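So you can see what is in the structure, the chains are spelled out below.
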Amino acid sequence: MTADLVIVGSGFFGLTIAEQAATELGLKVVVIDRRHHIGGNAYSEKEEQTGIEVHRYGAHLFHTSNERVWEYVNRFTTFTNYVHKVYGVHKGEVYSLPINLATINQFFRANLTPGQARELIQEQAGELAGTDPQNLNDKGIQLIGRPLYEAFIKHYTGKQWQTDPKDLPAGIISRLPVRYNYDNRYFNDKYEGLPTNGYTAWIEKMAEHPNIDVRLNTDFFDESHEYSKNKVVGNIPVVYTGPVDRYFDYAEGDLSWRTIDFEEEVLDIEDFQGTSVVNYNDDDVPYTRVIEPRHFHPERDYQTEKTVIMREFSRFAEKGDEPYYPVNTSADRERLLKYRDLAAAEKDVLFGGRLGTYKYLDMHMAIGSALSMFDNKIRPHYESGAELE
Ligand code: FDA
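Thresholds applied
- Residues numbered from 1 in each chain as written.
- Predicted model: local features only at pLDDT ≥ 70, side-chain atom pairs only at ≥ 80, totals over all residues.
- Heavy atoms only, no water.
- Helix = DSSP H or I, 4+ residues; strand = E, 2+ residues; numbered from the N terminus.
- Buried < 20%, exposed > 50% of the residue type's maximum accessible area, 1.4 Å probe, protein only.
- Contact = heavy atoms within 4.5 Å.
- Areas by Shrake-Rupley, 256 points an atom, 1.4 Å probe, with all protein chains shown as cover.
- 1 Å grid on protein atoms, 1.4 Å probe; cavity = no way out; pocket = protein on both sides within 12 Å on 5 of 7 lines; lining within 4 Å.
- Points joined across faces, edges and corners; volume = space filled by probe spheres on them.
- Nonpolar A, V, L, I, M, F, W, Y, C, P; charged D, E, K, R; others polar.
- Pairing = 2+ DSSP bridges.
- Phe/Tyr/Trp six-rings, centres within 6.5 Å; stacked < 30°, edge-to-face > 60°.
- Core = buried A, V, L, I, M, F, W, Y, C linked by side-chain atoms within 4.5 Å.
- Axes fitted to C-alpha atoms, helices over the stretch in contact; angles between N-to-C directions.

## Structural notes on the overall build of the protein
Piece 1. A tally of regular secondary structure across the protein gives 12 helices and 16 strands.
Piece 2. Across the 389 residues of the protein, 53% fall into the buried class.
Piece 3. Long-range contacts, defined as pairs at least 24 residues apart, comprise 72% of the intrachain contacts of the protein with a sequence gap of at least 6.
Piece 4. Summing over all exposed atoms, the protein offers an accessible surface of approximately 18100 Å²; the carbon and sulfur share of this is 46%.

## Some thoughts on the layout of surface pockets
Piece 1. In this model, the second largest pocket occupies a volume close to 530 Å³.
Piece 2. Taken together, 24 residues make up the lining of the second largest pocket; nearest its centre are Phe-351, Gly-352, Thr-357, Met-373 and Lys-377.
Piece 3. Put simply, the parts of the chain that give the lining of the second largest pocket at least two residues each are helix H10 (330-345), strand E16 (349-351), helix H11 (353-357) and helix H12 (363-384).
Piece 4. In terms of residue class, the lining of the second largest pocket is made up of 12 nonpolar, seven polar and five charged.

## Points about unusual backbone geometry
Piece 1. Leu-97 connects to Pro-98 through a cis peptide bond whose omega is -15°.
Piece 2. In this structure, Pro-98 sits in the loop between strand E7 (93-97) and helix H3 (101-107).
Piece 3. Within the chain, Gln-162 stands out as a residue other than glycine whose phi angle is a positive 50°.
Piece 4. Note that Gln-162 resides in the loop between helix H6 (146-161) and strand E8 (191-193).
Piece 5. With relative accessibility at 52%, the residue Gln-162 sits in the exposed group.
Piece 6. Non-glycine residue Asp-249 carries a positive phi angle of around 55°.
Piece 7. As for its placement among the helices and strands, Asp-249 is situated in the loop between helix H9 (244-247) and strand E11 (257-267).

## Observations concerning the pairing of E7
Piece 1. In this sheet, E7 lies alongside strand E6 (residues 86-90) in antiparallel orientation, the contact comprising five bridges. Looking at E7, one finds that Gly-88 is bridged to Tyr-95.

## Digging into the environment of Ile-236
Piece 1. Here Ile-236 shows up in the loop between helix H8 (229-232) and strand E10 (238-240).
Piece 2. A relative accessible area of 15% places Ile-236 in the buried class.
Piece 3. As for Ile-236 and Glu-389, which are separated by 153 residues in sequence, their C-alpha atoms are 14 Å apart.
Piece 4. Not counting chain neighbours up to four residues away, the residues in contact with Ile-236 comprise Ala-3, Asp-4, Leu-5, Val-6, Tyr-227 and Asp-348.

## Considering the packing of aromatic side chains
Piece 1. Going through the model one piece at a time under the given rule, you end up with 32 aromatic pairs.
Piece 2. With centroids separated by 5.5 Å and ring planes inclined at 80°, the aromatic side chains of Phe-79 and Trp-202 adopt a geometry described as edge-to-face. Of this pair, Phe-79 sits in the loop between helix H2 (67-73) and E6 while Trp-202 is found in helix H7 (residues 199-206), placing the two residues 123 residues apart along the sequence. Exposure class is identical for Phe-79 and Trp-202. Each is buried.
Piece 3. When the centroid spacing of 5.8 Å and the interplanar angle of 25° are considered together, the rings of Tyr-199 and Trp-202 count as stacked. On the criterion of helical spacing, the pair formed by Tyr-199 and Trp-202 is a turn pair, its members being three residues apart in helix H7.

## What about the nonpolar core?
Piece 1. Residues Phe-62 and Trp-202 are the most contacted members of the largest nonpolar core, which totals 94 residues.
Piece 2. Ignoring anything within four residues of it in the chain, the contact list for Trp-202 reads Phe-12, Phe-62, Val-73, Phe-76, Thr-77, Phe-79, Pro-195 and Ile-367.
Piece 3. Counting residues in each nonpolar core, the second largest holds eight residues, with Leu-267, Val-278, Tyr-287 and Ile-309 among its members.

## Observations concerning the sheet that holds E16
Piece 1. On the basis of which strands lie adjacent, the open sheet formed by five strands has the order E9-E2-E1-E10-E16 and parallel pairing. With one partner strand each, in any of the chains shown, strand E9 (212-215) and E16 form the two edges of the open sheet. When strand polarity is set aside, the average angle formed by the axes of neighbouring strands in this sheet is 20°.
Piece 2. With four bridges joining them, strand E2 (residues 29-32) and E9 adopt parallel strand pairing. Its bridge partner being in E9, Val-31 is matched across the sheet by Val-214.

Have a look at this one:
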C-alpha cells in the first residue's frame, strides 16, 4: 500500500486522525507503533489467570463534557454507567475523596453544616493568609489549612514527586478542591463511563476501516522498514505522536517526565478492597494507590474467585522508561519552546498528542485535539492544497 498519510503512534490521538482521514477523505493511512499492541496508553487486556480486564498503563476512566467528543466516541463503543469514586487511607482510617463534607466531618469528628465547614477551613487556611507561598507545602496550607493538607495532600504529593513538598514549586497546584457537600463523584463532567466491551475493543473499532493499515513493532526511527523517518519525511505527510525531543534527537536536551511502576498481584480472594481505587495518603506506605480492576466493571460476571490488584509507585523517568506525566520545570519549558520552533519548521509533519506536545492530556482532550487538527489542517490540505503547518 502506498500511503497518503503516515501516522506515528496508535494512541487515541493517532487513531482519531487515522479514522477521520480514512472515513472522511478516503485517504490510505499507515499507522505505525513501536509497541506490540495498538491503543497507546489506553490499551487494556485480560489478565491471564482471572480474565479480569486490566488497564496496562494505569487506570483509565473516560469522562468528558465535550458534546462533539462524546458523540464521536459513541460511534465506536457504548459506555457503562460506572461512576468513579476514590477513597483514601490516613492513619488507619478510610476517608472519602476528593475532600468533601464527609471527609471533613470524619476527620474533625464533627457534625458541621456546609457553612460551618467552610468557616473552619477558611480559619485554618488563614495561617498563611496574605503571604506569597514559595513552595508547594506553604501553598497547600494557604489553600485548605494545615490539618487537611498534612493528612491528605502532603505525603501523597511527596510520594508522587519523590520530593518533599517544601522543595517543590508552589506553581504545581493552583487549587485544591474541597466540596462543602457530600458529593464524592471524582469527576464533574457531564458524561462518564467505561467502554462496555473494554478499551481494546473500542480502539480496534476505530482502526477497522479497510484504508487503515496498522503496523505494530515498528519504530519510526528504525531504518529497517519502509515507513521510517528518513524514508517518509519530505515524501508523505506525517502526523507524529511520539516524544517531540526524540524526533529531533534530543538536540535541545531531554524533556523530563514522571513514570509509574506497577506491581501486579493475583490474590486468592474475590474482593481485596471493595472498590476500584484506594489512595494511601501517609508516608509509611511506599505506594501511592492500589487499583483493583474487577471493580471497574461490576456489571460483568468474571467467573473467578480470584482478584487482581496493582500497586502504583511513582518516580522520575529515566531514558527507556515509559514517559507518563510531564514534570514541566522551567528548564523543560525553555526547551519545549525551542522544540516547538523546530517542529513548526518541519515541513509536512504535524506534532500532536501527549508526547508530541509534552502536555498531560486526558483521553477526551487527546481525541478533541485530534479532531481539531483534522478539521483545521488535514482536511484543508487534502481538499484544497493548503500547506500542512
Ligand atoms: P499515547 O501515549 O496513548 O500514544 C502514543 C503512541 O505512540 C504509543 O502507542 C507509542 O508506543 C507510540 N510511539 C511513540 N514513539 C514512537 C516511535 N518512535 N515509533 C512508533 N510509535 C511510537 N486519561 C483519561 O481520560 N482518564 C484517565 O483515567 C487516564 N488515566 C491515565 C493514567 C496514566 C498513568 C497515564 C499515563 C495517562 C492516563 N490518561 C487518562 C491519559 C491517556 O493515556 C492519554 O490521554 C492518551 O494516552 C493520549 O493519547 P496519545 O495518542 O496522545 O498518546
